[in-house]
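# Overview (structure and organization)
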Amino acid sequence: MTASLPRPGAPLEHYVSTAAFDPDQFEAMSAGQARYYQASQKRLMWWKFKRHKLALASGIFLILLYGTILISEFLAPYGLHTRNVEYIHSPPQAIHLFDQGKFVGPFVYGRTMTLDLDTLRRVYTENSTDVQPIRFLCHGDPYRFWGMVDSDIHLVCPAVGGQMYLLGTDRLGRDVLSRIIYGARISLTIGLIGIAISFVLGIVIGGLAGYHGGIFDLLVQRVIEVLQSLPSLPLWMALAAIMPVSWSPILIYFGITIILGILDWTGLARAVRSKLLSLREEDYVLAAQLMGASSPRVIGRHLVPGFMSHLIATATISIPSMILGETALSFLGLGLRPPITSWGILLTEARGASVIAFYPWLLFPMVPVILVILAFNFLGDGLRDAADPYK
């Protein structure tokens with residue numbers, strides 16, 4: 001039996017479902033697809049960032065490293081200025097677990113020092129009969145935690161009456177490992193404070209130049225070109241030399257930070273300007289202007305948040321240049337000065353060729369500088385890729 005066809009000119013029957021509309025109902029879509037298409041932009045960015053294994057590992061490494069600066073006094077085996085004149089320029093000691101085939105736990109062998117009269121160098125030899133177990137959560141050199149609480153608890157300590165210099169000592173008999181841990185507090189924070197200054201200047205100046213254009217944009221671009229054409233190191237040296245020698249170490253620290261921040265805003269300002277030049281023609285910007293929104297409100301509330309992820313990635317890549325700037329200035333004697341300790345100041349101990357030849361362990365502060373620079377670059381690459389999760 002065949003279905004009857006509607007007669008020509010007759011209206012077709014129209015069916016409307018009376019069931020309630022369910023916005024979460026997806027036809028022919030699996031649970032995994034629904035989870036993906038319903039995810040927010042932040043969740044998509046996090047999923048894409050997690051796929052960048054090197055960036056994820058770098059982020060974890062940097063979080064742990066910045067966490068150590070909060071408890072530097074606790075982590076360092078010795079005090080910052082603790083000296084041992086009997087162990088000047090002592091080479092690094094190795095950690096052992098077994099002594100004569102018997103498990104002892106982590107320990108170091110004691111050392112005896114003799115003076116080579118031909119070269120006038122101190123020669124250290126291990127004494128395999130002097131086993132010095134490493135102590136954990138122990139009492140050691142006293143310190144004032146963050147300048148407020150007196151304590152002497154350390155994570156690791158040498159044996160009672162023994163010595164433990166895992167990265168050797170410097171010309172004053174100070175532990176290199178402890179000074180690297182203390183120096184991280186200055187070298188790592190100077191990059192964060194500097195990038196905060198650079199971030200504000202780049203967003204404000206670049207945002208106004210890109211949003212308004214005209215004469216202001218022209219002047220800003222010429223200033224940026226002049227600053228970027230100057231050699232960085234001589235410019236840093238000239239500005240650092242302006243600071244009076246009578247300034248306290250804290251003032252010098254903030255002075256170097258401000259100098260690094262002021263000189264690093266140009267790249268960020270150009271990135272903000274280029275983004276705002278394309279976004280200022282969007283309809284939502286025109287709607288905000290018609291509603292009477294001021295320029296700072298349009299830039300701060302509507303334009304900048306639209307590419308904040310890109311700015312964060314750019315800022316992350318800029319932090320290493322500031323850490324290198326502080327290290328270079330301190331290495332040349334124009335940056336931070338003792339008693340402040342940073343990785344750059346520690347590297348000043350290894351400026352002579354003879355020092356590098358005889359005491360190469362004084363170059364160990366260069367290792368955390370390299371690791372931090374690489375970690376920030378890898379993290380910046382991962383953030384930049386995750387900034388646009390829809391690609």
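Below or above, wherever it landed, is the structure these notes cover. (Residues numbered from 1 in each chain as written. Predicted model: local features only at pLDDT ≥ 70, side-chain atom pairs only at ≥ 80, totals over all residues. Heavy atoms only, no water.)

A word on the overall build of the protein. From N to C terminus, the protein includes 15 helices and five strands. Classification of the 391 residues of the protein by burial places 40% in the buried group. Partitioning the contacts of the protein with sequence separation of at least 6, the portion at a separation of at least 24 is 67%. As displayed, the protein offers around 22,300 Å² of accessible surface, 65% of which is attributable to carbon and sulfur atoms. (Helix = DSSP H or I, 4+ residues; strand = E, 2+ residues; numbered from the N terminus. Buried < 20%, exposed > 50% of the residue type's maximum accessible area, 1.4 Å probe, protein only. Contact = heavy atoms within 4.5 Å. Areas by Shrake-Rupley, 256 points an atom, 1.4 Å probe, with all protein chains shown as cover.)

Below, the discussion takes up the pattern of salt bridges. Oppositely charged side chains are able to pair whenever their charged atoms sit close together. By the definition in use, this model includes nine salt bridges. Between Glu349 and Arg174 there is a salt bridge, with its nearest N and O atoms 3.7 Å apart. Of the two residues, Glu349 is situated in the loop between helix 13 (343-347) and helix 14 (353-358) and Arg174 in the loop between strand 5 (149-157) and helix 5 (176-212); the sequence distance between them amounts to 175 residues. Assessed through its relative accessible area of 17%, Glu349 is described here as buried. Between Asp217 and Arg273 there is a salt bridge; the shortest N-O distance is 2.7 Å. (Salt bridge = Lys/Arg side-chain N within 4 Å of Asp/Glu carboxyl O.)

Let us now look at the packing of aromatic side chains. Tallied over the entire structure, the rule returns nine aromatic pairs. Ring centres 6.3 Å apart and planes at 80° place the aromatic pair Tyr66 and Phe376 in the edge-to-face group. Of this pair, Tyr66 sits in helix 3 (residues 53-68) while Phe376 sits in helix 15 (residues 366-386), and the two are 310 residues apart along the sequence. For the pair Tyr66 and Phe376, a shared accessibility class is recorded, and that class is buried. Judged by centre distance (5.1 Å) and plane angle (85°), the rings of Phe107 and Tyr109 are edge-to-face. Here Phe107 matches Tyr109 in class, with each residue buried. (Phe/Tyr/Trp six-rings, centres within 6.5 Å; stacked < 30°, edge-to-face > 60°.)

Here we come to the packing of helix 2 (residues 41-51) against helix 15. Put simply, helix 2 and helix 15 touch, their axes get as near as 8 Å, and they point 140° apart. Comparing the axis directions of helix 2 and helix 15 gives the class oblique. For the crossing formed where helix 2 meets helix 15, the hand is right-handed. Two secondary-structure elements touch here, helix 2 through Met45, Lys48 and Phe49 and helix 15 through Leu379, Gly382, Leu383, Asp385 and Ala386. The residue inventory of the contact of helix 2 with helix 15, partitioned by class, reads five nonpolar, one polar and two charged. (Axes fitted to C-alpha atoms, helices over the stretch in contact; angles between N-to-C directions. Parallel < 35°, antiparallel > 145°, perpendicular 65-115°, else oblique. Left-handed = near helix turned anticlockwise from the far one by under 90°. Nonpolar A, V, L, I, M, F, W, Y, C, P; charged D, E, K, R; others polar.)

With respect to topology, three strands assemble into an open sheet ordered 1-2-3, the strand pairing being antiparallel. Edge positions in the sheet fall to strand 1 (96-99) and strand 3 (121-133), since each of these pairs with one other strand and no more. The average angle at which neighbouring strand axes cross in this sheet is 55°, direction not considered. Relative to strand 2 (residues 102-116), strand 1 is paired through three bridges, and the arrangement is antiparallel. Paired with His96 across the bridge in strand 2 is Phe107. (Pairing = 2+ DSSP bridges.)

Quick look at the pairing of strand 5 now. Looking at chain direction, strand 4 (residues 135-145) and strand 5 are connected through seven bridges and run antiparallel. By the bridge assignment, Tyr143 is partnered in strand 5 with Ser151. Here strand 4 folds back onto strand 5, and the loop between the two strands holds three residues, one of which, Trp146, carries a positive phi near 50°.

Leu188, Ile256, Leu303, Leu311, Leu336, Trp343 and Val372 are the most contacted members of the largest nonpolar core, which has 59 residues in total. No other element matches helix 5, which puts ten residues into this core. If sequence neighbours within four positions are ignored, Leu311 has contacts with Phe199, Ile203, Leu268, Val272 and Val304. Counting residues in each nonpolar core, the second largest holds eight residues, with Tyr78, Tyr124, Ile134 and Tyr165 among its members. (Core = buried A, V, L, I, M, F, W, Y, C linked by side-chain atoms within 4.5 Å.)

With a phi angle near 50°, His89 is a residue other than glycine that sits in the positive phi range. By secondary structure assignment, the location of His89 is in the loop between helix 4 (72-75) and strand 1. In this model, Leu137 sits at a positive phi of 45°, which is unusual for a non-glycine residue. Mapping Leu137 onto the fold places it in strand 4. The class for Leu137 is exposed, based on a relative accessible area of 59%.

Running from N to C, helix 5 and helix 12 (residues 308-331) cross one another at 130°; their axes reach a closest spacing of 8 Å. The angle between the axes of helix 5 and helix 12 places the two elements in the oblique class. Note that helix 5 runs across helix 12; the crossing there is right-handed. For the pair helix 5 and helix 12, contact is made by Ser187, Leu188, Ile190, Gly191, Leu192, Gly194, Ile195, Ser198, Phe199 and Ile203 and by Met308, Leu311, Ala315, Ser318, Ile319, Met322, Ile323 and Glu326, respectively. Here the residues of the contact of helix 5 with helix 12 are counted per class, giving twelve nonpolar, five polar and one charged.

Moving on, we get to the environment of Leu286. Along the chain, Leu286 turns up in helix 10 (residues 283-290). Separated by twelve residues in sequence, Leu286 and Val298 have C-alpha atoms that sit 9.6 Å apart.

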